[in-house]
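Architecture and fold: a report
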Amino acid sequence: MDKLQVQLQALGLGPDLPEIAGLLASGLGCDAGTAYEAINLATDLELGDLFVILPKLKLQGLPPAAECIRNLPNSPLFSTPYVDGVQLRFFFGNRKLASLLLPYIAERNTSYGRKDVLGLRDSTDPGAGKKRIVVEFSSPNIPGKFNGNHLRSTLLGQFVANIYESMGWEVVRLNYLGDWGKPYALFAVGWERFGDEEKLQQDPLGHILEVYTKIEDEFKPEMDASRQAKKDGHSTEDIESKGIFAERDEIFRKMEAGDEKTLALWQRLRDYAIGSLGTAYQRLGIEFTEYDGESQVKSETMDEIEAKLRDNGVYEESDGSWVINFDKHGVKGLGTQIIRGRTGSSTYLLRDIAAVLDRDKKYNFDEMIYVVSSRQNSHFLQVFKALELIGRADLAGKLRHESFGEIRGLTDHLHKPLLLGNILDECGDIMCGVAKKDLGDDISEHALAVMGDPTAIAGLVAQDMFGKRAQGYIFTPGRMTSLEGESGLKLQQHHLLLSSAISELRAQVEVMATELNYAALEDEGSTNLLRILAQYPDVTAATYKSLEPHALLTYLSRLADAITDILGEESDDEYEDEAGPSDAQATEDGPEVLKVKLALYESAKVVLEGGMGLLGFPVVIA
Ligand code: ARG
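Remember, it's a predicted structure, so these values are computed and weren't measured experimentally.

What counts as what
- Residues numbered from 1 in each chain as written.
- Predicted model: local features only at pLDDT ≥ 70, side-chain atom pairs only at ≥ 80, totals over all residues.
- Heavy atoms only, no water.
- Helix = DSSP H or I, 4+ residues; strand = E, 2+ residues; numbered from the N terminus.
- Buried < 20%, exposed > 50% of the residue type's maximum accessible area, 1.4 Å probe, protein only.
- Contact = heavy atoms within 4.5 Å.
- Salt bridge = Lys/Arg side-chain N within 4 Å of Asp/Glu carboxyl O.
- Pairing = 2+ DSSP bridges.
- Axes fitted to C-alpha atoms, helices over the stretch in contact; angles between N-to-C directions.
- Near = heavy atom within 4 Å.
- Polar contact = N/O pair within 3.5 Å; in protein donor to acceptor, adjacent residues only side chain to side chain.
- Areas by Shrake-Rupley, 256 points an atom, 1.4 Å probe, with all protein chains shown as cover.
- Nonpolar A, V, L, I, M, F, W, Y, C, P; charged D, E, K, R; others polar.
- Phe/Tyr/Trp six-rings, centres within 6.5 Å; stacked < 30°, edge-to-face > 60°.
- Lys NZ or Arg CZ within 6 Å of the ring centre and 35° of its normal.
- Expected span 1.5 Å × (residues − 1).
- Arc of directions from axis to C-beta.

**Here's the deal with the overall build of the protein**
A count of helices and strands for the protein gives 25 helices and 14 strands. By the burial criterion, 52% of the 622 residues in the protein qualify as buried. The long-range share in the protein, meaning contacts at least 24 apart out of those at least 6 apart in sequence, stands at 72%.

Laid out in C-alpha cells, this is it:
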C-alpha cells in the first residue's frame, strides 16, 4: 500500500478512493489508475484537503485548469475545487467528512493515530515478535541533584518511549543511574562523617544529597589544589595520594574489588534512593522497565573490551592510565580519553561501552536511543567510535543519541534542593497559587490537591516542548501558568470543558434514537474541528519521524482552540437562552443532532487525550 492510500484509510476514506479517481477519470477523460497517482493529501489545511497535480493526469493537450473544473461532475465528497498553479485543490464536503471520520475514530478509539508501522521481526529471529527498542532516559546520579538535564531527559525520554510504543514497538524503558564511580565513593566518605540513619529513612534522597553537599564542600580545597597543579603542569600525584582524595579512591577500589562491607552500604542506599525516585516518577506516570545503572555493568564485559582494544592496537598506556587516542583513529576532535584510570578503576566511558554489549545480550534490541543532553555529544561519539574500534560496528549502527539543549534558571525560581519530588511539589505550589489568586474561596482544598500534579506536569512538559529539542530555554514560572498559546494548562482546561460537555450530552442522549444527523455539523466551527481531527494520524507519524514533540503540542493547541470555538458558541447560546427567548438552539436540538454532537466531542476527546498521553501529561480528572 502506498502512502496516500494509507493516509486515506487512516481518514476512513479508503473505500472512496475509486470515487475520487473515478470522478477525475469520468470528468476529464483520463485513466482512473493515472488519476489515482495524481492525488495527494494536503499538509496545509488552509489550502484544502487534497490536491491533484494536473500534468500527472497526462491529459491530451493539457486543457486549462478552469476547463477541468467545469468538466468535473458534482460529488457529495467535495466542494468545487480551485486552481493553484498546476494543481486543483479540493476541500472535503463537510457531511461526507463527518460521516466517514467520526465512526472511524469511534471504532479505533485510543488506537486512532497509532499504527503498527513496523510489522514483526523476521520469524527466524530468536526474539521474533515486535521490534524492540531500548530508550534510556532520566538517569540521575545517586548521590546528586536532579538537575535541568535530568528533568529534560525525563520528560523527553518519556515522550520518545510513548511515541515508539504507539507505533508498534516493544519499548524497554531504562534508567541508567549514576550509582557508581568516584562521586558515589566520595559520598561514602561523607556518610562516615555526616550520615544519619533516621534522616535517611525519612527523606532518603534529601539526606543523601545533604551528606554529599557537605563532603563536596570539605573536598573542594583539595580539588582546587589538584586542578591548579594540573594547570601549572605539575604532577597531581602528591595531592591525590592523601586526604579525602585517598579515602575516596580507597573506597572505590574496594567497591570494584567486591568488598562486602563497602558494597552492603552502597546497596542499601541505592535501594532507598530508587524507592523514593520511583514515587516521584509515578507522579509523572513513568514506569521504568528497569533501574539499570553504572554499577550494573559487568566487569567481565569491561575486560573483554579492553582485550579487544589491545588486540586491535588502539589501546595505549599514558601516564599510568589506559587511553584511546580517537584523533589517531579517524575522528578528529574527540581527543584522547581515559578508559581505565591510574588507580585501575573503570571510567564512565568504559562503563558505557560495556553497557551496550550487556544490553545487547540482555534485550537483543533492534535500536537503542539515549535521551541525554547535548553536553554529552562527544561522549556518545566516543562510545560509538569505540564500538567500531573493537569490531562492533553492527551494534554502533543501532544506537542513536537524541540530544537536547539545557534548561537554565531552575534554581532562580525553585528553592528546595533540586530533586524530582521537590521540583514537582514546587511547580504544583506555583500552579495552585495562581488558581487561588484567580478563584479565591471558590476553589476547594480538595480541588487544589487534585489539580496540583497534573497541572504542574502539564506546565513543565509544555514549556519543555515549546521549541525544538536542540534549543535550550530559561525556566519561567509565568510561562507554565499562562493560558495563552501552546500552554499545558490550556490543554488541561479544555480537556475538562470537553469532558463536562460530554457528560451533559450523555445524560440527555441515553434514551435516544440511533440515527446521527451529520448535516448538523456543517457549520464552520464543526467543519474546522473535523478537519483538524482528520490530521491527527499525520501529525503523530511526523512526530515519530522527527522525535520533535513540538509539532504535536502545536497541533493539540489548535485542537483545543477549535474545541473552545464550538463549546464557547454553545454556552453563548445557553446564555442567550437564560437571558430570554432567542433562537435557543442548544435546548431545541433534536436527538439526532445531540447524538452527532456527542460523537464529535467524543472523537475530539479521544484525540486530545491521546495526544496529551503521548506528550506525557496525566490529565486532570474532575
Ligand atoms: N548520569 C549521567 C549524568 O547525570 C547521565 C547518564 C547518561 N547516559 C549514559 N548512558 N551515559 O550526567
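**Considerations on the pattern of salt bridges**
Throughout the structure, instances matching the rule amount to 36 salt bridges. As a salt-bridge pair, Lys214 and Glu210 come within 3.6 Å of each other at their nearest N and O atoms. In this pair, Lys214 and Glu210 both sit in helix H9 (residues 204–231), four residues apart, roughly one turn of the helix. According to the relative accessible area criterion, Glu210 is partly exposed, its value standing at 30%. The closest approach of N and O atoms between Arg342 and Glu240, which form a salt bridge, is 3.6 Å. You can see Arg342 sitting in the loop between strand S10 (336–340) and helix H14 (348–363) and its partner Glu240 sitting in helix H10 (residues 237–240), a full 102 residues away along the chain. Its relative accessible area of 37% is what places Arg342 among the partly exposed residues. Among the charged side chains, a salt-bridge network with shared partners connects Glu367, Arg400, Glu402 and Arg469.

**Here's the deal with the sheet that holds S10**
The three strands lie next to each other as S8-S9-S10, forming an open sheet whose pairing is antiparallel. For this open sheet the edge positions go to strand S8 (316–318) and S10, each flanked by a neighbour on one side alone. Here the average twist between neighbouring strands, direction ignored, is 50 degrees. For strand S9 (residues 321–325) and S10, the ladder comprises four bridges, and the chain directions are antiparallel. Residue pairing in the sheet places Asn325 in a bridge with Thr336 of S10.

**Section: the site of the ligand**
Inspection of the region around the ligand gives Glu136, Ser139, Asn141, His150, Tyr176, Tyr348, Asp352, Tyr370, Val372, Gln376 and Phe380 as its neighbouring residues. Between Glu136 and the ligand, the recorded distance is 2.8 Å, taken from a side-chain N or O atom to a nitrogen atom. At 2.6 Å, a side-chain N or O of Asn141 approaches a nitrogen atom of the ligand. Coverage of the ligand by the protein amounts to 88% of the 350 Å² it exposes when considered alone. Residue composition of the shell around the ligand, by class: five nonpolar, four polar and two charged.

**Brief notes about the packing of aromatic side chains**
Taken as a whole, this structure holds 19 aromatic pairs when the rule is applied. Plain terms: the ring middles of Phe380 and Phe384 are 6.3 Å apart, the flat faces sit at 45 degrees to each other, and that makes the pair tilted. Residue Phe380 and its partner Phe384 are located together in helix H15 (residues 377–389), separated by four residues, close to a single helical turn. Through a chain of ring-to-ring contacts, the aromatic side chains of Tyr104, Tyr112, Tyr536 and Tyr555 assemble into a single cluster. Just above the ring of Trp322 sits the side chain of Arg310; from NZ or CZ to the centre is 4.7 Å.

**Quick word on helix H13 (residues 299–311)**
An ideal rise of 1.5 Å per residue puts 18 Å on 13 residues; H13 measures up with 18 Å between its terminal C-alpha atoms. Among the residues of H13, Thr301, Met302, Ile305, Glu306 and Leu309 are the ones counted as buried. Within H13, the buried residues cover an arc of 140 degrees as seen down the axis, which keeps them to one side. Of the exposed residues in H13, the ones pointing more than 90 degrees away from its buried face are Glu300 and Asp311.

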